[in-house]
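Here is how the chains run, residue by residue.
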Amino acid sequence: MAESKVYFTDFRTIAFGDSLPIKLKKLIRKAGIGQIDMDGKFVAIKMHFGELGNISYLRPNYAKAVADVVKELGGKPFLTDCNTMYPGSRKNALEHLECAWENGFTPLSVGCPVIIGDGLKGTDDVAVPVVGGEYVKEAKIGRAVMDADVFISLTHFKGHEMTGFGGAIKNIGMGCGSRAGKTEQHSSGKPSISPDRCRGCLRCQRECANGGLVFDQQTRKMHVDHDHCVGCGRCLGACNFDAISFDNDNANEVLNCRMAEYTKAVVHGRPSFHISLVVDVSPNCDCHCENDAPILPDLGMFASFDPLALDQACVDACLAATPMPNSQLSDHLADPGFHDHHDHFTNSSPESEWRTCLEHAEKIGLGSRKYELIRV
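Residues numbered from 1 in each chain as written. Predicted model: local features only at pLDDT ≥ 70, side-chain atom pairs only at ≥ 80, totals over all residues. Heavy atoms only, no water.

Draft legend 1. Molecular detail of the overall build of the chain. Scanning the chain for helices and strands turns up 14 helices and 15 strands. The globule rule puts the C-alpha radius of gyration for 376 residues at 21 Å, and the 21 Å found for the chain is close to it. The principal-axis extents of the C-alpha atoms in the chain amount to approximately 70 × 60 × 40 Å. Burial status across the chain gives 56% buried among its 376 residues. Element-wise, carbon and sulfur atoms account for 52% of the exposed surface of the chain, whose accessible area totals about 15600 Å². Distance from the positive charge centre (39 side chains) to the negative charge centre (48 side chains) of the chain: 6 Å. (Helix = DSSP H or I, 4+ residues; strand = E, 2+ residues; numbered from the N terminus. Rg over C-alpha atoms; globule rule 2.2 N^0.38 Å. Buried < 20%, exposed > 50% of the residue type's maximum accessible area, 1.4 Å probe, protein only. Areas by Shrake-Rupley, 256 points an atom, 1.4 Å probe, with all protein chains shown as cover. Lys, Arg positive; Asp, Glu negative; His and termini not counted. Charge placed at Lys NZ, Arg CZ, Asp CG, Glu CD.)

So, in structure tokens, the structure goes:
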């Protein structure tokens, strides 16, 4: 496959010179975002608003810079993310929006609406075919994400405890999945219901099309019939009381492959553009309600039409960087009994695995791992 172009600029500025948001605007213009016809088009800008308590997520200023460029090109931008499969501050649209507002993402601060992509309870999704998919034939993607005419990903590139790093593919594939879509990627199993939390409201049963949920009239509790349950995850979004859960039992390799296929579903057949900022490189996902010290220095901003090349370029830059002192990564390397994997992401989270994601993404035609890095 031919090389893709990845554009890069660092975080250096001069006194009374361009601000970092202006540098980001210049970067994406140079990378060719203006080639996309956005005139009168709905433009989804997918990003992570950060879990409450976490402060390593991207600042709203960067989101506004991207939204401003989209509006200059005649587009109608909106920031979006989909609800989480786990209990937290982003599991439904009301709490998700309140979390986004508290973390600084309001229409006033970012210059465009903020829309939760899979609706109030995380059940408003669309079945999107995965061209060339091996693990997923139809991805469950938030409806607002798929309703957009143009798709832009704005990614905080960081470490991750399962997938090694969280880059563009994870931001798109996992992030655009509805609650059921995230469940499909994370788990090959079936749900369990906590009798202590179940209120017997029957909301989950109305979402089940396969007879997988059985209500016990005596105990007034819901149970899972594993012979009929297909593990679709619809019940997860229907429960308002966090009584239903799925185990994160997928091997990291399978999780990586499904994320790549979900990403293919989101971007295939429509204009897309991708931006990653390697900054505040926390060891874990922004889904955590806390963030540890960065494991790597702030390296720069990257942009490309190819999400796979973008991830590969960010990975290469990170692997070439010097670990930050007093971080999870440096602590591991200083441990006399620690096995050095000569890989910053694996050394930071030894149980993680990231290479299969990029390998599978290339296999299914998501993009190219070969790239030309162009400094702006």
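What follows picks up the thread again.
Draft legend 2. Expanded view of the pattern of salt bridges. Following the criterion strictly, the structure yields 17 salt bridges and no others. The closest approach of N and O atoms between Asp37 and Lys41, which form a salt bridge, is 3.5 Å. Here Lys91 and Glu95 are joined by a salt bridge, their closest N and O atoms 3.0 Å apart. Using a relative accessible area of 29% as the deciding quantity, one classes Glu95 as partly exposed. What emerges from the salt-bridge pattern is a single network uniting Lys25, Lys64, Asp68 and Lys71. (Salt bridge = Lys/Arg side-chain N within 4 Å of Asp/Glu carboxyl O.)

Draft legend 3. Spatial organisation of the packing of aromatic side chains. Counted according to the given criterion, the structure contains 9 aromatic pairs. Seen from their ring centres, Phe157 and Phe345 are 6.2 Å apart, and the 65° between their planes marks the pair as edge-to-face. Placement of the pair is Phe157 in strand β7 (residues 150–160) and Phe345 in helix α13 (residues 344–348), with a sequence separation of 188 residues. Across this residue pair, the class does not change: Phe157 and Phe345 are buried. In this structure, Lys76 packs its charged tip against the face of Phe42, placed 5.5 Å from the ring centre. (Phe/Tyr/Trp six-rings, centres within 6.5 Å; stacked < 30°, edge-to-face > 60°. Lys NZ or Arg CZ within 6 Å of the ring centre and 35° of its normal.)

Draft legend 4. View of the side chain of Ser178. If you trace the backbone, Ser178 turns up in the loop between α6 (168–173) and α7 (179–186). For Ser178, a relative accessible area of 0% gives the class buried. Side chain to side chain, Ser178 and Asp125 meet in a polar contact 2.7 Å long. Among all residues touching Ser178, those that are not within four sequence positions of it are Asp118, Gly122, Asp125, Lys140, Ile141 and Gly142. (Polar contact = N/O pair within 3.5 Å; in protein donor to acceptor, adjacent residues only side chain to side chain. Contact = heavy atoms within 4.5 Å.)

Draft legend 5. View of unusual backbone geometry. Even without being glycine, Arg220 reaches a positive phi, approximately 60°. On the secondary structure map, Arg220 appears in the loop between β10 (213–216) and β11 (221–224). The partly exposed category is assigned to Arg220, whose relative accessible area is 44%. For Asp280, which is not glycine, the phi dihedral falls at a positive 50°. Within the secondary structure, Asp280 is located in the loop between β13 (272–278) and β14 (300–304).

Draft legend 6. Spatial organisation of the packing of α7 against helix α10 (residues 252–267). With their axes 8 Å apart at the nearest point, α7 and α10 run at an angle of 140° to one another. From α7, Gly181, Glu184, Gln185 and His186 reach across to α10, where they touch Leu255, Arg258, Met259 and Tyr262. Per-class residue counts for the contact of α7 with α10 are 3 nonpolar, 3 polar and 2 charged. (Axes fitted to C-alpha atoms, helices over the stretch in contact; angles between N-to-C directions. Nonpolar A, V, L, I, M, F, W, Y, C, P; charged D, E, K, R; others polar.)

Draft legend 7. The packing of helix α1 (residues 20–30) against helix α2 (residues 60–72), seen in detail. α2 packs onto α1 with a crossing angle of 45° between their chain directions and a minimal axis gap of 9 Å. Taken together, the axis directions place α1 and α2 in an arrangement best described as oblique. Note that α1 runs across α2; the crossing there is right-handed. Contacts from Leu20, Pro21, Leu24, Lys25, Ile28 and Arg29 in α1 reach Asn61, Tyr62, Ala65, Val66, Asp68, Val69 and Glu72 in α2. In terms of residue class, the contact of α1 with α2 is built from 8 nonpolar, 1 polar and 4 charged. (Parallel < 35°, antiparallel > 145°, perpendicular 65-115°, else oblique. Left-handed = near helix turned anticlockwise from the far one by under 90°.)

Draft legend 8. Region of the structure containing the pairing of β7. Counting buried positions over the 11 residues of β7 gives 11, a clear majority of the element. When strand β2 (residues 42–46) meets β7, the two strands line up parallel, connected through 4 bridges. The residue bridging Ala44 from the neighbouring strand is Phe151, located in β7. In this sheet, β13 lies alongside β7 in parallel orientation, the contact comprising 7 bridges. Bridging across to β13, Ile152 finds its partner in Phe273. As paired strands, β7 and strand β8 (residues 164–166) are joined by 3 bridges and run antiparallel to one another. (Pairing = 2+ DSSP bridges.)

Draft legend 9. Here's a closer look at the side chain of Ser272. You can see Ser272 is positioned in strand β13. A polar side-chain atom of Ser272 sits 3.2 Å from a polar atom in the side chain of His274.

Draft legend 10. α10, seen in detail. Helix length check: α10, at 16 residues, gives a terminal C-alpha distance of 23 Å against a target of 22 Å (1.5 Å per residue), a fit within 8%. Most of α10 is tucked away, with 14 of its 16 residues classed as buried. At the exit of α10 stands Gly269, carrying a positive phi of roughly 85°. (Expected span 1.5 Å × (residues − 1).)

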